[in-house]
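Given next are the chains, with one letter for each unit.
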Amino acid sequence: MMRVRLPQVSASLLGRIVPLPGRLCPNVEECLGSGVLLLERAGIETARLDAECILAHVLGWDRWRLMAEPARRLTAEEFGRYLGLLARRESREPLAYLLGRREFWSLMLAVSSEVVVPRPETETLVEAALGILREKGLSPPSGCLCPRAPLLIDLCTGSGAVAVALAREMPRASLYATDISRACLRIARANAERHGVGGRITFLRGDLWRAFDGKRLKEPADAVICNPPYIPSGLFSTLMPEVLWEPRRALDGGPDGLRFHREIVAGSPRYLRSGGSLLLEIGEDQAASVTQLLEVSGVFEEPRVLRDLAGRDRVVVARLRS
(Lines give C-alpha, C1' and ligand atoms only; values in the text may rest on other atoms or scores of the structure.)
Protein backbone atom coordinates (compact mmCIF):
# COMPACT_ATOMS: atom_id res chain seq x y z
CA MET A 1 0.00 0.00 0.00
CA MET A 2 1.34 3.42 -0.93
CA ARG A 3 1.78 5.89 1.89
CA VAL A 4 2.07 9.63 1.56
CA ARG A 5 3.58 11.87 4.18
CA LEU A 6 1.06 13.99 6.04
CA PRO A 7 1.98 17.64 6.59
CA GLN A 8 4.89 17.97 8.99
CA VAL A 9 3.14 19.95 11.70
CA SER A 10 1.98 19.30 15.21
CA ALA A 11 -1.03 17.01 15.32
CA SER A 12 -2.89 19.66 17.31
CA LEU A 13 -2.77 21.89 14.26
CA LEU A 14 -3.93 19.35 11.72
CA GLY A 15 -7.56 20.26 12.08
CA ARG A 16 -6.76 23.89 11.24
CA ILE A 17 -4.67 23.25 8.14
CA VAL A 18 -5.77 25.11 5.03
CA PRO A 19 -6.55 22.16 2.70
CA LEU A 20 -4.48 21.61 -0.41
CA PRO A 21 -5.95 22.28 -3.84
CA GLY A 22 -8.10 19.32 -4.88
CA ARG A 23 -5.69 18.20 -7.62
CA LEU A 24 -2.93 17.80 -4.99
CA CYS A 25 -4.99 15.90 -2.42
CA PRO A 26 -4.20 12.19 -1.93
CA ASN A 27 -6.50 9.37 -2.94
CA VAL A 28 -8.32 6.92 -0.68
CA GLU A 29 -5.49 4.39 -0.57
CA GLU A 30 -2.88 7.02 0.23
CA CYS A 31 -5.03 8.59 2.94
CA LEU A 32 -5.60 5.23 4.58
CA GLY A 33 -1.93 4.30 4.51
CA SER A 34 -0.79 7.53 6.11
CA GLY A 35 -3.69 7.58 8.56
CA VAL A 36 -2.87 4.08 9.76
CA LEU A 37 0.78 5.02 10.23
CA LEU A 38 -0.13 8.13 12.22
CA LEU A 39 -2.47 6.24 14.55
CA GLU A 40 -0.06 3.34 14.99
CA ARG A 41 2.60 5.79 16.13
CA ALA A 42 0.11 7.14 18.66
CA GLY A 43 -0.16 3.64 20.16
CA ILE A 44 -3.67 2.88 18.92
CA GLU A 45 -4.10 -0.88 18.48
CA THR A 46 -7.08 -0.51 16.14
CA ALA A 47 -5.31 1.95 13.85
CA ARG A 48 -6.42 0.35 10.58
CA LEU A 49 -10.06 0.05 11.62
CA ASP A 50 -10.13 3.57 13.02
CA ALA A 51 -8.59 5.13 9.92
CA GLU A 52 -11.10 3.30 7.72
CA CYS A 53 -14.03 4.39 9.89
CA ILE A 54 -12.88 8.02 9.89
CA LEU A 55 -12.34 8.16 6.14
CA ALA A 56 -15.63 6.39 5.39
CA HIS A 57 -17.38 8.88 7.70
CA VAL A 58 -15.83 11.84 5.90
CA LEU A 59 -16.81 10.48 2.49
CA GLY A 60 -20.28 9.34 3.58
CA TRP A 61 -19.47 5.80 2.46
CA ASP A 62 -19.77 2.30 3.89
CA ARG A 63 -16.33 0.92 4.75
CA TRP A 64 -16.38 -1.71 1.97
CA ARG A 65 -16.43 1.05 -0.63
CA LEU A 66 -12.96 2.20 0.44
CA MET A 67 -11.58 -1.07 -0.91
CA ALA A 68 -13.65 -0.80 -4.07
CA GLU A 69 -12.50 2.72 -4.97
CA PRO A 70 -8.90 3.13 -3.73
CA ALA A 71 -7.94 5.60 -6.48
CA ARG A 72 -10.74 8.06 -5.76
CA ARG A 73 -9.04 11.38 -4.93
CA LEU A 74 -10.34 13.42 -2.01
CA THR A 75 -11.53 16.96 -2.46
CA ALA A 76 -9.80 19.73 -0.55
CA GLU A 77 -12.69 19.92 1.91
CA GLU A 78 -12.74 16.15 2.49
CA PHE A 79 -8.99 16.02 3.00
CA GLY A 80 -9.17 18.86 5.54
CA ARG A 81 -11.91 17.09 7.48
CA TYR A 82 -9.99 13.82 7.41
CA LEU A 83 -6.86 15.48 8.78
CA GLY A 84 -8.85 17.15 11.54
CA LEU A 85 -10.49 13.91 12.68
CA LEU A 86 -7.20 12.02 12.49
CA ALA A 87 -5.63 14.63 14.76
CA ARG A 88 -8.42 14.18 17.29
CA ARG A 89 -8.06 10.41 17.22
CA GLU A 90 -4.27 10.73 17.52
CA SER A 91 -4.90 12.59 20.79
CA ARG A 92 -6.87 9.48 21.87
CA GLU A 93 -10.33 11.00 21.71
CA PRO A 94 -12.72 8.02 21.41
CA LEU A 95 -13.66 7.07 17.86
CA ALA A 96 -17.36 7.09 18.79
CA TYR A 97 -17.15 10.79 19.64
CA LEU A 98 -15.57 11.55 16.26
CA LEU A 99 -18.27 9.66 14.40
CA GLY A 100 -21.13 10.72 16.68
CA ARG A 101 -22.45 7.18 16.92
CA ARG A 102 -21.83 3.74 18.40
CA GLU A 103 -23.42 0.36 17.76
CA PHE A 104 -24.96 -1.45 20.73
CA TRP A 105 -27.17 -4.53 20.61
CA SER A 106 -27.14 -4.20 16.79
CA LEU A 107 -28.67 -0.73 17.18
CA MET A 108 -26.88 2.39 15.96
CA LEU A 109 -27.01 4.95 18.76
CA ALA A 110 -26.11 8.63 18.76
CA VAL A 111 -23.38 9.55 21.24
CA SER A 112 -21.47 12.66 22.18
CA SER A 113 -18.75 13.61 24.64
CA GLU A 114 -21.52 14.19 27.20
CA VAL A 115 -22.29 10.47 27.52
CA VAL A 116 -20.23 7.37 28.26
CA VAL A 117 -19.58 5.33 25.13
CA PRO A 118 -21.77 2.17 25.21
CA ARG A 119 -19.58 -0.91 25.55
CA PRO A 120 -20.10 -4.48 24.31
CA GLU A 121 -19.77 -5.92 27.82
CA THR A 122 -22.87 -3.98 28.90
CA GLU A 123 -24.88 -6.14 26.49
CA THR A 124 -24.52 -8.79 29.23
CA LEU A 125 -26.85 -6.62 31.32
CA VAL A 126 -29.47 -6.64 28.55
CA GLU A 127 -29.14 -10.41 28.07
CA ALA A 128 -29.52 -10.99 31.81
CA ALA A 129 -32.64 -8.84 32.05
CA LEU A 130 -34.27 -10.57 29.09
CA GLY A 131 -33.42 -13.98 30.52
CA ILE A 132 -34.97 -13.21 33.89
CA LEU A 133 -38.12 -11.78 32.35
CA ARG A 134 -38.47 -14.85 30.12
CA GLU A 135 -38.26 -17.05 33.21
CA LYS A 136 -41.20 -15.08 34.61
CA GLY A 137 -43.13 -15.37 31.35
CA LEU A 138 -42.91 -11.61 30.79
CA SER A 139 -40.73 -11.75 27.68
CA PRO A 140 -42.28 -14.60 25.66
CA PRO A 141 -41.13 -15.71 22.20
CA SER A 142 -42.52 -13.79 19.25
CA GLY A 143 -46.18 -14.59 18.64
CA CYS A 144 -46.89 -15.74 22.21
CA LEU A 145 -49.09 -13.75 24.56
CA CYS A 146 -47.60 -12.09 27.60
CA PRO A 147 -49.77 -12.27 30.77
CA ARG A 148 -49.20 -8.56 31.41
CA ALA A 149 -47.02 -5.72 30.22
CA PRO A 150 -43.80 -5.61 32.26
CA LEU A 151 -42.49 -2.42 33.85
CA LEU A 152 -38.74 -1.80 34.03
CA ILE A 153 -36.51 0.88 35.54
CA ASP A 154 -33.16 1.76 33.96
CA LEU A 155 -31.11 3.93 36.29
CA CYS A 156 -28.11 5.93 34.98
CA THR A 157 -29.37 5.51 31.44
CA GLY A 158 -26.67 7.62 29.76
CA SER A 159 -27.14 7.29 26.00
CA GLY A 160 -30.24 5.16 26.64
CA ALA A 161 -28.50 2.07 25.26
CA VAL A 162 -29.91 -0.44 27.77
CA ALA A 163 -33.41 1.05 27.88
CA VAL A 164 -33.71 1.25 24.09
CA ALA A 165 -32.40 -2.30 23.61
CA LEU A 166 -34.86 -3.70 26.16
CA ALA A 167 -37.78 -1.73 24.71
CA ARG A 168 -36.94 -3.03 21.23
CA GLU A 169 -36.81 -6.63 22.46
CA MET A 170 -39.98 -6.35 24.56
CA PRO A 171 -42.69 -4.60 22.50
CA ARG A 172 -45.19 -4.55 25.37
CA ALA A 173 -42.84 -3.32 28.08
CA SER A 174 -42.88 0.19 29.49
CA LEU A 175 -39.79 1.70 31.07
CA TYR A 176 -38.56 4.52 33.24
CA ALA A 177 -35.06 5.72 32.32
CA THR A 178 -33.28 8.15 34.65
CA ASP A 179 -30.11 10.20 34.63
CA ILE A 180 -28.77 13.20 36.48
CA SER A 181 -27.58 14.81 33.25
CA ARG A 182 -29.94 16.79 31.03
CA ALA A 183 -27.57 16.26 28.10
CA CYS A 184 -27.70 12.50 28.57
CA LEU A 185 -31.48 12.52 28.67
CA ARG A 186 -31.65 14.53 25.44
CA ILE A 187 -29.45 11.99 23.68
CA ALA A 188 -31.27 9.02 25.23
CA ARG A 189 -34.64 10.43 24.18
CA ALA A 190 -33.37 10.98 20.64
CA ASN A 191 -32.10 7.40 20.47
CA ALA A 192 -35.44 6.09 21.72
CA GLU A 193 -37.33 8.08 19.10
CA ARG A 194 -34.97 6.99 16.36
CA HIS A 195 -35.66 3.34 17.14
CA GLY A 196 -39.40 3.73 17.56
CA VAL A 197 -39.66 3.15 21.31
CA GLY A 198 -39.89 6.73 22.60
CA GLY A 199 -43.57 6.34 23.45
CA ARG A 200 -42.88 3.55 25.93
CA ILE A 201 -39.95 5.10 27.82
CA THR A 202 -40.51 7.82 30.41
CA PHE A 203 -37.33 9.83 30.95
CA LEU A 204 -36.76 11.36 34.38
CA ARG A 205 -33.95 13.60 35.57
CA GLY A 206 -32.40 13.06 38.97
CA ASP A 207 -29.66 11.38 40.95
CA LEU A 208 -30.67 7.70 41.18
CA TRP A 209 -33.90 7.35 43.20
CA ARG A 210 -34.30 11.11 43.57
CA ALA A 211 -35.47 11.14 39.96
CA PHE A 212 -38.74 9.68 41.29
CA ASP A 213 -39.30 12.29 44.00
CA GLY A 214 -42.88 13.54 43.76
CA LYS A 215 -43.80 10.90 41.17
CA ARG A 216 -45.84 7.74 41.58
CA LEU A 217 -45.19 4.64 39.53
CA LYS A 218 -48.36 3.13 38.11
CA GLU A 219 -47.23 -0.18 39.61
CA PRO A 220 -44.08 -1.72 41.14
CA ALA A 221 -41.32 -2.59 38.69
CA ASP A 222 -40.54 -6.11 37.55
CA ALA A 223 -36.85 -5.27 37.31
CA VAL A 224 -34.44 -2.48 38.15
CA ILE A 225 -31.45 -2.43 35.82
CA CYS A 226 -28.40 -0.25 36.20
CA ASN A 227 -24.91 0.26 34.84
CA PRO A 228 -23.74 2.72 37.50
CA PRO A 229 -20.40 4.50 37.82
CA TYR A 230 -18.09 1.88 39.36
CA ILE A 231 -14.47 2.84 38.74
CA PRO A 232 -12.69 3.58 42.06
CA SER A 233 -11.60 7.21 42.19
CA GLY A 234 -7.95 6.35 42.72
CA LEU A 235 -7.69 4.32 39.54
CA PHE A 236 -8.32 7.08 37.01
CA SER A 237 -4.61 7.74 36.52
CA THR A 238 -4.19 4.13 35.34
CA LEU A 239 -6.96 4.12 32.74
CA MET A 240 -6.64 4.07 28.97
CA PRO A 241 -6.35 7.62 27.53
CA GLU A 242 -9.68 7.23 25.72
CA VAL A 243 -11.56 6.74 29.00
CA LEU A 244 -10.30 10.07 30.31
CA TRP A 245 -12.24 11.84 27.52
CA GLU A 246 -15.52 10.46 28.90
CA PRO A 247 -17.54 12.31 31.57
CA ARG A 248 -15.97 11.41 34.89
CA ARG A 249 -19.24 11.83 36.77
CA ALA A 250 -20.61 8.86 34.82
CA LEU A 251 -17.62 6.65 35.67
CA ASP A 252 -16.36 7.55 39.15
CA GLY A 253 -17.84 5.23 41.76
CA GLY A 254 -16.15 6.79 44.78
CA PRO A 255 -13.19 5.51 46.82
CA ASP A 256 -14.06 1.82 46.43
CA GLY A 257 -16.20 2.10 43.30
CA LEU A 258 -19.38 1.04 45.11
CA ARG A 259 -20.95 4.31 46.25
CA PHE A 260 -23.80 4.05 43.76
CA HIS A 261 -24.30 0.31 44.24
CA ARG A 262 -24.98 0.89 47.93
CA GLU A 263 -27.66 3.49 47.27
CA ILE A 264 -29.28 1.40 44.55
CA VAL A 265 -29.43 -1.72 46.73
CA ALA A 266 -30.85 0.26 49.66
CA GLY A 267 -33.57 1.95 47.61
CA SER A 268 -34.65 -0.73 45.15
CA PRO A 269 -37.05 -2.65 47.47
CA ARG A 270 -39.29 0.41 47.52
CA TYR A 271 -39.72 0.26 43.72
CA LEU A 272 -39.63 -3.49 43.00
CA ARG A 273 -42.63 -5.77 43.15
CA SER A 274 -42.40 -8.92 45.27
CA GLY A 275 -40.17 -11.33 43.39
CA GLY A 276 -38.81 -8.53 41.18
CA SER A 277 -35.15 -8.51 40.21
CA LEU A 278 -32.26 -6.10 40.63
CA LEU A 279 -29.51 -6.26 38.00
CA LEU A 280 -26.26 -4.35 38.48
CA GLU A 281 -23.23 -4.08 36.22
CA ILE A 282 -19.95 -4.35 38.11
CA GLY A 283 -16.21 -4.13 37.62
CA GLU A 284 -14.48 -7.46 37.18
CA ASP A 285 -13.18 -7.54 40.78
CA GLN A 286 -16.36 -6.30 42.51
CA ALA A 287 -18.56 -9.40 42.49
CA ALA A 288 -17.84 -10.42 46.08
CA SER A 289 -18.38 -6.91 47.47
CA VAL A 290 -21.66 -6.31 45.62
CA THR A 291 -22.92 -9.79 46.51
CA GLN A 292 -22.21 -9.02 50.15
CA LEU A 293 -24.15 -5.75 49.91
CA LEU A 294 -27.19 -7.65 48.69
CA GLU A 295 -26.88 -10.39 51.31
CA VAL A 296 -26.47 -7.92 54.16
CA SER A 297 -29.61 -6.06 53.08
CA GLY A 298 -31.63 -9.11 54.14
CA VAL A 299 -34.36 -8.57 51.53
CA PHE A 300 -32.88 -10.34 48.52
CA GLU A 301 -32.51 -14.01 47.70
CA GLU A 302 -29.03 -15.39 47.04
CA PRO A 303 -27.41 -13.28 44.30
CA ARG A 304 -26.03 -14.69 41.06
CA VAL A 305 -22.95 -13.43 39.21
CA LEU A 306 -22.95 -13.51 35.41
CA ARG A 307 -19.88 -13.22 33.19
CA ASP A 308 -19.45 -11.35 29.93
CA LEU A 309 -18.14 -12.88 26.71
CA ALA A 310 -14.56 -12.28 27.85
CA GLY A 311 -15.18 -14.44 30.92
CA ARG A 312 -15.10 -11.53 33.37
CA ASP A 313 -17.62 -11.05 36.17
CA ARG A 314 -19.95 -8.39 34.79
CA VAL A 315 -23.49 -8.50 36.25
CA VAL A 316 -24.91 -9.32 39.68
CA VAL A 317 -28.56 -10.38 39.77
CA ALA A 318 -30.70 -10.69 42.89
CA ARG A 319 -34.42 -11.36 43.39
CA LEU A 320 -36.45 -9.51 46.00
CA ARG A 321 -37.86 -11.94 48.54
CA SER A 322 -41.59 -12.61 48.29
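That block above? That's the structure.
Thresholds applied
Residues numbered from 1 in each chain as written. Predicted model: local features only at pLDDT ≥ 70, side-chain atom pairs only at ≥ 80, totals over all residues. Heavy atoms only, no water. Pairing = 2+ DSSP bridges. Helix = DSSP H or I, 4+ residues; strand = E, 2+ residues; numbered from the N terminus. Axes fitted to C-alpha atoms, helices over the stretch in contact; angles between N-to-C directions. Contact = heavy atoms within 4.5 Å. Phe/Tyr/Trp six-rings, centres within 6.5 Å; stacked < 30°, edge-to-face > 60°. Buried < 20%, exposed > 50% of the residue type's maximum accessible area, 1.4 Å probe, protein only. Parallel < 35°, antiparallel > 145°, perpendicular 65-115°, else oblique. Left-handed = near helix turned anticlockwise from the far one by under 90°. Nonpolar A, V, L, I, M, F, W, Y, C, P; charged D, E, K, R; others polar.

Caption draft 1: Representation of the sheet that holds strand β9 (residues 313–319) within the structure. The mixed open sheet is built from seven strands, whose spatial order is β5-β4-β3-β6-β7-β9-β8. Every interior strand has two partners, whereas the edge strands, β5 (201–205) and β8 (304–307), have only one. Here the strands of the sheet are splayed against their neighbours by 20° on average, with no regard to which way each runs. The sheet contact formed by strand β3 (residues 151–155) and strand β4 (residues 174–179) spans four bridges and is parallel. Following the sheet pairing, I153 is matched in β4 by Y176. On the sheet, helix α7 (residues 123–135) packs against β3, β6 (221–226), β7 (272–281), β8 and β9 and is oriented at approximately 160° with respect to β7. Together, β3, β4, β5 and β6 form the strand contacts of helix α8 (residues 161–169), whose direction differs from that of β4 by roughly 175°.

Caption draft 2: Main features of the packing of aromatic side chains. Under the defined criterion, the tally for this structure stands at four aromatic pairs. Ring centres 5.7 Å apart and planes at 70° place the aromatic pair Y176 and F212 in the edge-to-face group. Separated by 36 residues along the polypeptide, Y176 in strand β4 and F212 in the loop between β5 and β6 bring together distant segments of the chain. Since its relative accessible area comes to 13%, Y176 is described here as buried.

Caption draft 3: View of the packing of helix α10 (residues 259–267) against helix α11 (residues 287–297). Contact geometry for α10 and α11: axes closest at 10 Å, N-to-C directions at 30°. The pairing of α10 with α11 is recorded here as roughly parallel in orientation. Classified by chirality, the crossing of α11 by α10 is right-handed. Of the residues in α11, those touching α10 at H261, R262 and V265 are V290, L293, L294 and S297. The class makeup of the residues in the contact of α10 with α11 is four nonpolar, two polar and one charged.

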